[in-house]
Amino acid sequence: QQTLIIAGTHKERSAITDEIRTALKNEKTLGYSVEATQLRAQQNLTSIQTRYTHNYNIGDVVVPVRDYKKLKLFKSQPYTVVAINNDKLVLSDLAGNHQTVDPMKFRKTLYKQENIEIAVGDHLRWTRNDKELGRRNGQEFTVTGINGQTATIEFSNGTLDTIDLQEPLHLDYALVSTTYSSQGKTADRVLVSSTVDPTVSTESVYVAISRAKYDLKIYAENIDFLLESALESKAQETVLELLQPKAKVQVSAVPEVTVRQKAEVSAIPTATPELRHKEKSVVSNIKRMRPIVKREPPKQLEVFWTPTLEQVAPPHIEANHWQELVESSAIHPEIAALNFRSLQMGSIEQEHEAWEYLMYSDKLERTNIGQLTTGMLKRYAHIDAGGWWCNSGVNAISFRSEDLSTKLQEKRWGCYKPNESRFNPDKPGKKIKYEHPPKIDLGIFLLNVPDNIAERIYLKAGINPSIEDRMRGFWYCTWKYNLPITITEGAKKAASLLSQGHVAIGLPGIYAGYRSKDEQGKPIKAHLHQELAVFATLGRKISFCFDYETRPETKRNIEIAISRTGSLLQQQGAKVSVVSLPGPEKGVDDLIVAHSPLAYEKVASSALPLQQWREHNKQERHLAIVPPKKLSVQERKEQLKDSLLGQQPPNHQNLNQSLEQISHDHIDGRQINQEFTTDKRHNFVNRTRQLDTEYGRSKSPEHQLDSQRRGVESSEGRNLTVKQ
């Protein structure tokens, strides 16, 4: 009889497969074996995430989904990643030819190379379609012989074929199926292994137990968990979302339910016993009762740190700068001391430190002897007056290094706030508040966090990073453990939010979270800033907290920036929301200083999801449209008077008399019909002729009548407008 073994996850399937193959080897069912290379698809990456190099590792295999002749990449051909150069991949084909490509430029499937043992008697399956070779994803076959590096295989219909074991192969063992891949299959006998994992749901349980024709056995690690999960539908969530760490739910089983748990998967027999088809399916006799679920109460708002003024400025920060950072922006003194410093005039070279911090690009305008041009010196002469500098912290691109002994790379880029600002040449009358290194790509602020504050944030988030992860730093742990992130504008606001226990990334501008132009300024398809993309992981909660604004143009720019950046984050699986500051304080640091840290916690707790925030803004814009005001008779008379005065200076006495006479026809706002009677039309023409005579007009009454008819405009009544 047929037997189907089902596991919930790939990890569980691999463990059961290893146990079964070990038993088959012991009983000599499997014969001679060799090592081959297996290509396993990266199940935890979306197609959007494969566009960024930080998701790749040396040795990964890339397979294009179609031909890209300009890039010299061809469909279904494997290319191995041999090097990663910033945002480019160096790929090697089977012949050893190398080529550098941009992962943004082509669609591909990303695979991991793993060793797999293939033995005579192994039951395998294809994991990828190949029309040229006639292979179907999921098609099963048996290895009947191995000669050197060539294996002979036999399909269920008796067809024979050979495979080259020296090439990377899209295959896997077919002894155990996952719940997902078992859909559509049926068997006389089904063995289901159910562990405690978040993918167990009403849908998965139904699929597993409905595969059996006659006999079903369930091996459960925790019966209470299985019963609870079987009552919960998770049809709206993907497997990747379910596997993300979530807050634990305490479950206590009903006392009356008594079960026998079987967790030893290795006890599954390899031989299939005889089965009488008339017998009913063998299912554990479990009383179906809903377990009691104890859910944690809503978390109360708490203040992470209360700003204090009893702090002395450290030697590297001037008193006025310290007051601006700690007192005026509510930045924790330890965070301020770790990331900010006042730049001074050099005592030996008599050159201000700001020049060294800002002017390091190779693309700057310089003279033949390497000095900055006169124009550059004049443009940045104001930096000699002093100011403070803020480092931008670690480079998130270095997180992909698997060498735990490697120190994370620190960025040289940062921002400088001069004591005296210069005027913006592109916006007359407006000053540039912050200076960034010219001719250098803008970065993002991942400010350094003291260890004691980092530990409190870990505790608040409910995580316990390993010693190795802690050694690599706060932002590495933030990335690895998928902590929620707040995106704000500027280093000071990011430092203020970090002081309150919120993991905050600072952008140098509202549009700095994504790129829509290349180095030459030509439009390209919008994509996330390379460092920000590192944190755009599946299921991560990311909120925006930009300044409060009242000017319509600035508000619209903020809406566009959040909407575009947020959409790109959502494409990679992040859950995006927006914190709207109530005002009148402009920034989040101003809000905390003016009120309290608890004021921001209340605002942050009411953040709206991105789509809901968009709808809210749309409704507000529609409500902001004010309907035209209904004019009174006197206001219409004044409007008519201004219109006539704007064309030719009239005799004011006669004009007032004429307007007074005309206004009698509008008493109480009564409507003037367009269809005039003969007498009314005669009077109307006489009045028009009178006005023409007074103002020196010489047009015929019929022409004036047509002009007057064209000048009659409708509101609630008809407003008579005399046009010249």
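No experiment lies behind these values; they were computed from the predicted model shown. (Residues numbered from 1 in each chain as written. Predicted model: local features only at pLDDT ≥ 70, side-chain atom pairs only at ≥ 80, totals over all residues. Heavy atoms only, no water.)

J.: Help me get a handle on the sheet that holds strand E29 (residues 608-609), residues and values and all.
T.: The sheet built from five strands is open, its strands ordered E24-E23-E27-E28-E29 with mixed pairing. Of all strands in the sheet, those bounded by a partner on one side alone are strand E24 (504-507) and E29. Examined bridge by bridge, strand E28 (residues 575-578) and E29 share two bridges and lie antiparallel to one another. The residue of E29 that forms the bridge with Ser-577 is Pro-609. (Pairing = 2+ DSSP bridges. Helix = DSSP H or I, 4+ residues; strand = E, 2+ residues; numbered from the N terminus.)

J.: Tell me about the confidence of the model for the protein chain, and please be specific about residues and values.
T.: When pLDDT is averaged along the protein chain, the result is 80, and 77% of the positions lie at 70 or above. Mean pLDDT across the elements of the protein chain bottoms out in strand E16 (residues 250-252) (37) and peaks in strand E23 (residues 485-489) (97). Note on residues 247-297: pLDDT is under 50 here. Beyond four places in sequence and across chains, it has 71 contacts. (pLDDT = per-residue confidence, 0-100. Contact = heavy atoms within 4.5 Å.)

J.: Quick one: what's the story with helix H12 (residues 491-499), residue by residue and with numbers?
T.: Spacing of three or four residues puts side chains on the same side of an α-helix, whose turn is 3.6 residues. Among the nine residues in H12, nine count as buried, and that is most of the element. Listed as buried for H12 are Ala-491, Lys-492, Lys-493, Ala-494, Ala-495, Ser-496, Leu-497, Leu-498 and Ser-499. Gly-501 occupies a position one or two residues after H12 and carries a positive phi of about 85°. (Buried < 20%, exposed > 50% of the residue type's maximum accessible area, 1.4 Å probe, protein only.)

J.: Requested: an account of unusual backbone geometry, with residues and values cited.
T.: Across the junction of Gly-583 and Pro-584, the peptide omega takes the value 0°, indicating a cis bond. By the element assignment, Pro-584 lies in the loop between E28 and helix H15 (588-594). Even without being glycine, Ser-76 reaches a positive phi, approximately 70°. Note on Ser-76: relative accessible area 30%, which makes it partly exposed. Positive phi outside glycine occurs at Ala-330, with the angle close to 55°. Checked against the element boundaries, Ala-330 lands in the loop between helix H5 (319-327) and helix H6 (333-339).

J.: Summarise the sheet that holds strand E15 (residues 212-220); cite the residues concerned and give the values.
T.: Across a sheet, paired strands are connected by hydrogen bonds in the backbone, their directions being either parallel or antiparallel. Spatially, E13-E1-E14-E15 is the arrangement adopted by the four strands of the open sheet, whose pairing is parallel. The open sheet is flanked by strand E13 (177-178) and E15, the only strands paired with a single partner. In this sheet, E15 lies alongside strand E14 (residues 187-194) in parallel orientation, the contact comprising seven bridges. Its bridge partner being in E15, Ala-187 is matched across the sheet by Ala-212. On the sheet, helix H1 (residues 10-26) packs against strand E1 (3-7), E13 and E14 and is oriented at approximately 135° with respect to E1. Packing of helix H2 (residues 202-209) onto the sheet brings it into contact with E1, E14 and E15, and relative to E15 it is tilted by some 130°. (Axes fitted to C-alpha atoms, helices over the stretch in contact; angles between N-to-C directions.)

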